[in-house]
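Residue-level listing of the chains:
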Amino acid sequence: GDWRTNGPYQLQMIRINGLQHEILYTFAPADYGSPLNQHTLMAQWSLDQKSIFISTDRDKTISTFSILDMKTRTVRTTLQITNAQYGYYPLKWLDKMHMFVLALGRYPRAYEMPPTRLYLLDITARPAQRVRDLKLIVLGDQGADLKFDTSPDGRRLFVVQQVQGN
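Quantities reported herein were computed from a predicted structural model and do not represent experimental measurements. Starting afresh in each chain, residues are numbered from 1 along the sequence in its written order. With the structure being a predicted model, the display of local features is reserved for residues of pLDDT at least 70 and the display and counting of side-chain atom pairs for 80 or more, all residues being used for whole-chain, interface and lining totals. Only heavy atoms go into the side-chain values, all of them from the structure, while hydrogens and water stay out.

## Examining the packing of aromatic side chains
Stacked, edge-to-face and tilted are the three classes for Phe, Tyr and Trp ring pairs, Trp counted by its six-membered ring, which pair at centre distances within 6.5 Å; planes under 30 degrees apart are stacked, over 60 edge-to-face, the rest tilted. Following the criterion strictly, the structure yields five aromatic pairs and no others. Their ring planes at 55° and their centres at 5.2 Å tell us that Phe 53 and Phe 65 sit as a pair that is tilted. Separated by twelve residues along the polypeptide, Phe 53 in strand β5 (residues 51–58) and Phe 65 in strand β6 (residues 62–69) bring together distant segments of the chain. Pair check on accessibility: Phe 53 and Phe 65 agree, each one buried. One aromatic cluster is present, built from ring pairs that chain together Phe 53, Phe 65 and Trp 93. We count a stretch as a helix when DSSP gives it H or I for four or more residues in a row; a strand needs E for two or more, and each element gets its number in order from the N terminus. Burial classes follow relative accessibility: with a 1.4 Å probe on protein chains only, a residue under 20% of its type's maximum area counts as buried, one over 50% as exposed, and anything between as partly exposed.

## Side note on the confidence of the model for the protein
pLDDT expresses, on a scale from 0 to 100, how confident the predictor is about each individual residue. With 78% of its residues at a pLDDT of at least 70, the protein reaches an overall mean of 76. The contact criterion used throughout is that any non-hydrogen atoms of two residues lie within 4.5 Å. Taken together, the stretch residues 1–5 has pLDDT below 50 and engages in 16 contacts with residues farther than four places along the chain or on a different chain. Below a pLDDT of 50 lies the segment residues 32–38, which in the model reaches 19 contacts outside its immediate sequence neighbourhood of four places, other chains included.

## Overview of the sheet that holds strand β10 (residues 115–122)
Two strands pair if DSSP finds at least two bridges between them. If you walk across this open sheet you meet the four strands as β8-β9-β10-β11, and the pairing is antiparallel. Among the strands making up the open sheet, the edge pair consists of β8 (86–95) and β11 (135–142). Neighbour-to-neighbour, the strand axes of this sheet turn through a mean angle of 20°, independent of strand direction. Note: strand β9 (residues 98–105) against β10, six bridges, orientation antiparallel. Its bridge partner lying in β10, Ala 103 is registered against Arg 117. Simply put, an axis is a line fit to the C-alpha atoms, just over the touching stretch for a helix, and the angle between two N-to-C directions goes from 0 to 180 degrees.

Have a look at this one:
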């Protein structure tokens, strides 16, 4: 899910029938930035359902990726990036150890944006990774809108990129 608000966050698990819910984790204010600045929180189940990948983008400069272990209910940070030029967003699990991460320019006009980048993050690598630790998979055009999918076996990546007119 993706939430954009200025209040405290709780990650909840809700049954599809809506009759029962459980609070999995409550974020401290330091996790999501100043209440005066917009921030984004995204969460995705791992393929093996043993963890939840959590990303926060606060103050439009700091992207943090963390893993919530469902058994112990502990959170560990896997990646933190301070960058005013790019926002970093998790997109999809490749397998139980790797997540695709999209780096999008933060500028309002496409001609000002840096090239869009698609990375692969190894969540089992050392904690507190940096951008240089990510594996660059696709370097898109300036301000490009990248869409992608993987083959069922995870061996091929299909990319669609909007091409700017001449």
